[in-house]
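One-letter residues, chain by chain:
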Amino acid sequence: ARAVVYGVNGTVYDNGSSEGTFSSFTAGDVVTMYVKSGSLYYAVNGTLANSGSAVVTGITEDTVFWLHALSGASSGTLTANFGQQPFVHTTSLES
């Protein structure tokens, strides 16, 4: 399986290799992940990372995604919305 990690500092890793540093996030931010046509996009508070371009391409069904939400902390809370309620922020990718 392929692993893609989005770190709290904004760095995206694809199987351990850095794809670049994009939008960082902090407590209270809303991080959104989109997979469209084999490409991965991230947004923080409704603003797409990487100027709206994909941060990783070539995504297949065996890819595992991870949001690394802790930085220097031993615990924290992450709330996920898989479409069970309306999203707080929207982007152009949702059309």
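The structure presented is a predicted model; accordingly, all values stated were derived computationally and were not measured.

S.K.: Looking at this model, I keep getting lost on the overall build of the chain. Mind explaining?
M.R.: Scanning the chain from N- to C-terminus turns up 0 helices and 8 strands. For 95 residues, the compact-globule formula gives about 12 Å, and the C-alpha radius of gyration of the chain, at 13 Å, lands near that figure. Based on the C-alpha atoms only, the size of the chain along its principal axes is roughly 30 × 30 × 25 Å. Expressed as a percentage of its 95 residues, the buried residues of the chain come to 27%. Excluding contacts between residues fewer than 6 apart, the proportion of contacts in the chain whose partners are at least 24 apart in sequence is 45%. When the accessible surface of the chain is summed, it comes to about 5,900 Å², and 51% of that surface belongs to carbon and sulfur atoms.

S.K.: What am I meant to see in the packing of aromatic side chains here?
M.R.: Two measures describe an aromatic ring pair: the distance that separates the ring centres and the angle between the ring planes. By the definition in use, this model includes 2 aromatic pairs. Between tyrosine 6 and phenylalanine 25 the ring centres are 5.4 Å apart and the planes differ by 50°, which places this aromatic pair in the tilted class. Of the two residues, tyrosine 6 is situated in strand β1 (residues 2-7) and phenylalanine 25 in the loop between β3 (17-21) and β4 (31-36); the sequence distance between them amounts to 19 residues. Classification of tyrosine 6 as buried rests on a relative accessible area of 0%. Here a set of aromatic residues connected by ring pairs shows up, and it is made of Tyr6, Phe25 and Tyr42.

Definitions and limits used
Residues numbered from 1 in each chain as written. Predicted model: local features only at pLDDT ≥ 70, side-chain atom pairs only at ≥ 80, totals over all residues. Heavy atoms only, no water. Helix = DSSP H or I, 4+ residues; strand = E, 2+ residues; numbered from the N terminus. Rg over C-alpha atoms; globule rule 2.2 N^0.38 Å. Buried < 20%, exposed > 50% of the residue type's maximum accessible area, 1.4 Å probe, protein only. Contact = heavy atoms within 4.5 Å. Areas by Shrake-Rupley, 256 points an atom, 1.4 Å probe, with all protein chains shown as cover. Phe/Tyr/Trp six-rings, centres within 6.5 Å; stacked < 30°, edge-to-face > 60°.

Treat this as a map of the structure, not an account of what it does.
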